[in-house]
Amino acid sequence: QQPVQSPQAVILREGEDAVINCSSSKALYSVHWYRQKHGEAPVFLMILLKGGEQKGHEKISASFNEKKQQSSLYLTASQLSYSGTYFCGTRHRDSNYQLIWGAGTKLIIKP
Amino acid sequence: DSGVTQTPKHLITATGQRVTLRCSPRSGDLSVYWYQQSLDQGLQFLIQYYNGEERAKGNILERFSAQQFPDLHSELNLSSLELGDSALYFCASSGQLNTGELFFGEGSRLTVL
């Protein structure tokens, strides 16, 4: 039931782009994205509620494909500050909308 | 600053002991979640309260218990501590029951020696 995130980890040079995927085996109601820096609390990035919805947050954006039951997080022209672990969380109608977390994707940005 | 306050920030104790972690949610938020995060691991959901009532339980051990008080603050009690209980414990709050974003506190780092 846990959404599957891929890749598990990625190392980039500053300025490069990254895509992080979050796939669910169950129909999605919403997808949540958070970033956590080492030793700190997770910080909310965005929620996607509708199939086909796309949202942006500076150079970080995300899409939600309801049919494929997946969401992708796009990081464009990555900055050192983007380093951290990215978690997706999914809510589903048939599990009382409880938030279920993926295992996380570790992103390392090198200068 | 998320508006969620957790105390203590750090706690070192011995095996077999009992500790209480405290969480004050954002003003007005009725829903409180507790998570455990072991070193470099994901977020393990423990338990959720909404307006004083338990709403969902995750992988919470029987040695652990929690409650939410009328003023909406919450406490997580960990007893008969084991080495493996060493972790970061996060509290999060949200204004709605099962929608909307979660606001996380800075966490309580528990070390069991």
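The shown structure was predicted, so the numbers you read here are calculated from the model rather than taken from an experiment.

Reading the values: the criteria
Residues numbered from 1 in each chain as written. Chains lettered and ligands numbered in written order. Predicted model: local features only at pLDDT ≥ 70, side-chain atom pairs only at ≥ 80, totals over all residues. Heavy atoms only, no water. Helix = DSSP H or I, 4+ residues; strand = E, 2+ residues; numbered from the N terminus. Rg over C-alpha atoms; globule rule 2.2 N^0.38 Å. Buried < 20%, exposed > 50% of the residue type's maximum accessible area, 1.4 Å probe, protein only. Contact = heavy atoms within 4.5 Å. Areas by Shrake-Rupley, 256 points an atom, 1.4 Å probe, with all protein chains shown as cover. Lys, Arg positive; Asp, Glu negative; His and termini not counted. Charge placed at Lys NZ, Arg CZ, Asp CG, Glu CD. Disulfide = S-S within 2.5 Å. Buried area = accessible area lost by both parts, 1.4 Å probe. Polar contact = N/O pair within 3.5 Å; in protein donor to acceptor, adjacent residues only side chain to side chain. Nonpolar A, V, L, I, M, F, W, Y, C, P; charged D, E, K, R; others polar. Phe/Tyr/Trp six-rings, centres within 6.5 Å; stacked < 30°, edge-to-face > 60°. Salt bridge = Lys/Arg side-chain N within 4 Å of Asp/Glu carboxyl O.

Trainee: Explanation requested: the overall build of chain B in the structure shown.
Mentor: Counting its regular elements, chain B contains zero helices and eleven strands. Start at the N end of chain B and walk to the C end: the helices and strands fall as β-β-β-β-β-β-β-β-β-β-β. In summary, chain B has a C-alpha radius of gyration of 13 Å against a globular reference of 13 Å for 113 residues, a match within 12%. Over its C-alpha atoms, taken along the principal directions, chain B stretches across nearly 35 × 25 × 25 Å. Burial statistics for chain B: of 113 residues in total, 49% are counted as buried. Sequence-distant contacts, at least 24 apart, represent 55% of the contacts inside chain B between residues at least 6 apart. With an accessible surface of roughly 5400 Å², chain B has 45% of that area assigned to carbon and sulfur atoms. Placing the 8 positive and 12 negative side-chain charges of chain B at their respective mean positions leaves the two points 2 Å apart.

Trainee: I'm lost on the side chain of Asp-85 of chain B in this one. Help?
Mentor: Looking at the secondary structure, you find Asp-85 of chain B in the loop between strand 8 (74-78) and strand 9 (87-94). Ignoring sequence-local partners within four residues, the contact set of Asp-85 of chain B consists of Gln-36, Leu-61, Arg-63, Phe-64, Ser-80, Leu-110 and Val-112 of chain B.

Trainee: Please clarify how the state of the cysteines should be interpreted in this entry.
Mentor: All names here are of chain B. On inspection of all chains with the given rule, the structure shows two disulfides over all chains. A sulfur-sulfur distance of 1.8 Å marks the disulfide that ties Cys-23 to Cys-91. Negative torsions about the S-S bond denote left-handed disulfides, and the value of about -50 degrees found for Cys-23 with Cys-91 makes this one left-handed. Residue Cys-23 is located in strand 3 (residues 19-24), and its partner Cys-91 is located in strand 9; the two are separated by 68 residues in the primary sequence. The same class applies to Cys-23 as to Cys-91, namely buried.

Trainee: Would you mind going over the interface of chain A and chain B with me for this structure?
Mentor: One frequently used descriptor of interface size is the decrease in accessible area upon assembly of the parts. Residue-level contacts link 18 residues of chain A with 20 residues of chain B. Both faces considered, chain A and chain B share a buried interface measuring about 1500 Å² in area, 55% of it formed by carbon and sulfur atoms. Considering only the side of chain A, the residues that lose the most area to chain B are Arg-91, Gln-98 and Trp-101 of chain A, jointly responsible for 31% of the buried surface there. For the pair chain A and chain B, the interface holds four residue pairs in polar contact (both at pLDDT 80 or more). If you list the elements that add at least two residues to the side of chain A that touches chain B, you get strand 4 (30-36), strand 5 (43-48) and strand 9 (84-91) of chain A. Element by element, the count of residues in the side of chain A that touches chain B is highest for strand 4 of chain A, at three residues. Per-class residue counts for the side of chain A that touches chain B are ten nonpolar, six polar and two charged.

Trainee: Explain the packing of aromatic side chains to me, please; I cannot follow it from the model alone.
Mentor: Geometrically, a pair of aromatic rings is defined through the distance of the ring centres and the angle of the planes. Using the criterion set out here, one finds twelve aromatic pairs over all chains in the structure. Relative to Trp-101 of chain A, the ring of Phe-87 of chain A has its centre 6.4 Å away and its plane inclined at 90 degrees; by these criteria the two rings are edge-to-face. Of the two residues, Phe-87 of chain A sits in strand 9 while Trp-101 of chain A sits in strand 10 (residues 100-101), which places them 14 residues apart along the sequence. A single burial state applies to Phe-87 of chain A and to Trp-101 of chain A, both of which are buried. When the centroid spacing of 6.4 Å and the interplanar angle of 70 degrees are considered together, the rings of Phe-64 of chain B and Tyr-89 of chain B count as edge-to-face. Here Phe-64 of chain B, found in strand 7 (residues 64-68), pairs with Tyr-89 of chain B, found in strand 9; they are 25 residues apart in sequence, far enough to count as distant.

Trainee: Please explain the side chain of Ser-94 of chain B as it appears in this structure.
Mentor: Residue and element names in this part refer to chain B. Mapped onto the secondary structure, Ser-94 falls in strand 9. Here Ser-94 falls in the buried class, since its relative accessible area comes to 0%. Apart from the residues within four sequence positions on either side, Ser-94 is in contact with Asp-29, Leu-30, Ser-31, Tyr-33, Thr-99, Glu-101 and Leu-102.

Trainee: How should the pattern of salt bridges be read in this particular structure?
Mentor: Pairs may arise between side chains of opposite charge once their charged atoms sit close together. All names here are of chain B. Scanning the model with the defined rule gives six salt bridges over all chains in all. For Asp-29, the salt bridge is made with Arg-26, and the minimal N-O distance between the two is 2.9 Å. Owing to a relative accessible area of 3%, Asp-29 belongs among the buried residues under this scheme. One salt bridge connects Arg-63 with Glu-82, and the closest N-O pair in it is separated by 3.7 Å. Within this pair, whereas Arg-63 is found in the loop between strand 6 (53-57) and strand 7, its partner Glu-82 is found in the loop between strand 8 and strand 9, the two being separated by 19 residues in sequence. Taken together, the shared-partner salt bridges connect Arg-63, Glu-82 and Asp-85 into one network.

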